[in-house]
Amino acid sequence: MAAHILVAGLFHETHCFLGTTTPLDAFTVRHGDKMLACIGDGSPLDGVLEAAESFGWRLTCAADYRASPSATVEHHVFEAFWSDVAVALNAAQALDAVYLVLHGAMVTTRLDDVEGEFLKRLRAIDKAKDIPIFGVFDLHATFTEAMARHADCLVGYRENPHIDSRESAMRAAALLDRCLKSGKRPRMSVAAPGIIWPPSGTGTGNRPMAELCRLAREAERQHPDLYVVNIVGGFAYADAAEVGVSVSAAGTDPATIRDVTRSIAEAAWTVREEGLVTGVPVSGALERLPEAGGKPLVLIEASDNVGAGAAGDATGLLRALIDKNADRAALVINDAEAVATLTNVAIGQSKRLAIGGKGNPFDDGPVSLAVKLVHRSDGRFELEDRQSHLASMMGVHIDMGTSCVVRYQGITILLTTRKTPPFDLGQLRSQGIEPTECAILGVKAAVGHKRAYDPIAGLSVEVDTPGPCTNRIETLPFTRLQKPVFPLTRKAAAADTDR
């Protein structure tokens, strides 16, 4: 008989230091079989739906709530999601398991461990009390003790940029199928070394993450009873009790998962300094243009990282480009107000705009420029790379809202209505901007852009500009941390990593 699996999704990466909140209408919400619309969209949900078909599972689709990274979520959003899932769960007959598509770093106005609370509530319902709960989650989760206690096996992305989000969802589904067929249920353990790294320090192509991932794969090879070992980079901008780097594992032998998570967490502590990344002044970065050898100089403005919740409208880099009279430069600024101002302006005409600086409390404010409108569109495009980091968040069909391309002297600016992480070159090309023909490209990201931009870059430099996604973690006003965490206190001793 086909296994009967309930599927649900809750996906939000919450930046707690933005001073605003994220309402329900910021979420794309799908109920029941409307979740099947995600088939083929390249997302993690697409991955589990494909896996379910290959395993012959019978699915009950509960609800999927998904939003781009942004400010603290209004708590009623979580309660609405929970109500939808609870109704579907109680109505389902003879469930064999639950499969969840999670981010893992969601915070509401009342909860700092949303996923842990969700799993706890699931276990309190009789129909889910004694069945496997599996799922997939983002590498930038805040993986908590409650998540480990109430789930059987949660599988994290292995790559940052997140080129394997769909693959990870399918890997988690395969492990669930293994569990159902063997009748052996794993359990989870988590260990935390007491470290917070900014997103720029969590790329898996470089140390320290590359070294920790190597240890994880080695442990999986050495211990056949292990289902998975997850290296979790954490999300630096979530003000939560257990925020930070962690190592989680699932397996059938409690001693093994405890020892493995503890040993890798201890290894993370020894390389803690390597995850701290700092940028350079923009003026100094622009002086390195000759080093790019005729290819684009990519300036990474991590402080305005759209993929981590920033508004995408910081003006620090734009101001520097203007000051240096930059030529053949291009960047994207999210500014719905500026786009609206151009509504009745014809292509080729000029208009003075107040650009950017409206959603960033760290910014110097809008830049007033007389620009020429060169392109207007509905802002929709399809990812050139279906494994793009962006697919893990939005699928392959992207909608930036009405978008305008304007030009000021040698600087081309793509203005969007909806903030969109710069993780795919189709974003620029769909608007008539060929990135390989630019001398300078501004990118509001930390790591997620690398798969798209590194192959075309002559040189990439991270710049230090004002913004909410600062690499200077010690400057953030954390209030909920349970214990000393590096680098907030560099005197912190290696804490007991066995939770």
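Reading guide: rules and limits
- Residues numbered from 1 in each chain as written.
- Predicted model: local features only at pLDDT ≥ 70, side-chain atom pairs only at ≥ 80, totals over all residues.
- Heavy atoms only, no water.
- Helix = DSSP H or I, 4+ residues; strand = E, 2+ residues; numbered from the N terminus.
- Buried < 20%, exposed > 50% of the residue type's maximum accessible area, 1.4 Å probe, protein only.
- Contact = heavy atoms within 4.5 Å.
- Pairing = 2+ DSSP bridges.
- Axes fitted to C-alpha atoms, helices over the stretch in contact; angles between N-to-C directions.
- Phe/Tyr/Trp six-rings, centres within 6.5 Å; stacked < 30°, edge-to-face > 60°.
- Lys NZ or Arg CZ within 6 Å of the ring centre and 35° of its normal.

Caption draft 1: The environment of Arg30, seen in detail. Within the secondary structure, Arg30 sits in strand β4 (residues 28–31). Of the residues examined, Arg30 reaches a relative accessible area of 22% and is grouped as partly exposed. When the C-alpha atoms of Arg30 and Asp64 are compared, they prove to be 5.2 Å apart, with 34 residues separating the residues in sequence. Those residues within four positions of Arg30 in sequence are excluded, and the remaining contacts are Met35, Cys38, Ala62, Ala63, Asp64 and Arg66.

Caption draft 2: Fine view of the sheet that holds strand β11 (residues 226–232). If you walk across this open sheet you meet the 3 strands as β10-β12-β11, and the pairing is antiparallel. In the strand order of this sheet, the two ends are held by β10 (187–191) and β11, each with one partner. Along the sheet, successive strands turn relative to each other by an average axial angle of 15 degrees, direction set aside. Where β11 and strand β12 (residues 246–251) come together, 6 bridges link them in antiparallel fashion. Across the sheet, Val232 pairs through a bridge with Ser246, a residue of β12. Contacts from helix α8 (residues 254–270) reach β10, β11 and β12 within the one sheet, and its direction differs from that of β10 by about 20 degrees.

Caption draft 3: Main features of the pairing of strand β5 (residues 58–66). Burial within β5 is extensive, with 7 of its 9 residues counted as buried. The pairing of strand β1 (residues 4–11) with β5 spans 7 bridges and is classified as parallel. Opposite Gly9, over in β5, you have Asp64 as the bridge partner. Two elements, β4 and β5, share 4 bridges in a ladder whose sense is antiparallel. Looking at β5, one finds that Arg30 is bridged to Asp64.

Caption draft 4: Summary view of the environment of Ala320. Relative to the helices and strands, Ala320 is located in helix α10 (residues 316–323). Between the alpha carbons of Ala320 and Thr465 there is a distance of 9.9 Å; along the sequence they are 145 residues apart.

Caption draft 5: Structural view of α10. Listing the buried residues of α10 in full gives Leu317, Leu318, Ala320, Leu321 and Ile322. Of the residues trailing α10, Asn325 is marked for its positive phi of about 50 degrees.

Caption draft 6: Seen up close, the packing of aromatic side chains. A complete count under the given rule lists 9 aromatic pairs for this structure. Plain terms: the ring middles of Phe55 and Trp57 are 5.3 Å apart, the flat faces sit at 35 degrees to each other, and that makes the pair tilted. When its relative accessible area of 30% is taken as the criterion, Phe55 is described as partly exposed. Between Phe134 and Tyr227, the aromatic rings sit 6.3 Å apart at their centres with planes inclined by 55 degrees, giving tilted as the arrangement. Taken as a pair, Phe134 in strand β8 (residues 133–137) and Tyr227 in strand β11 lie far apart in primary sequence, 93 residues in all. Look at Phe134 and you get buried, because its relative accessible area is 0%. In this structure Tyr227 comes out as buried when scored by relative accessible area, which is 8%. Feature note: the residues Tyr65, Phe81, Trp82 and Phe118 constitute an aromatic cluster, connected by ring pairs. Sitting over the face of the ring of Tyr227, Arg178 holds its NZ or CZ atom 4.0 Å from the ring centroid.

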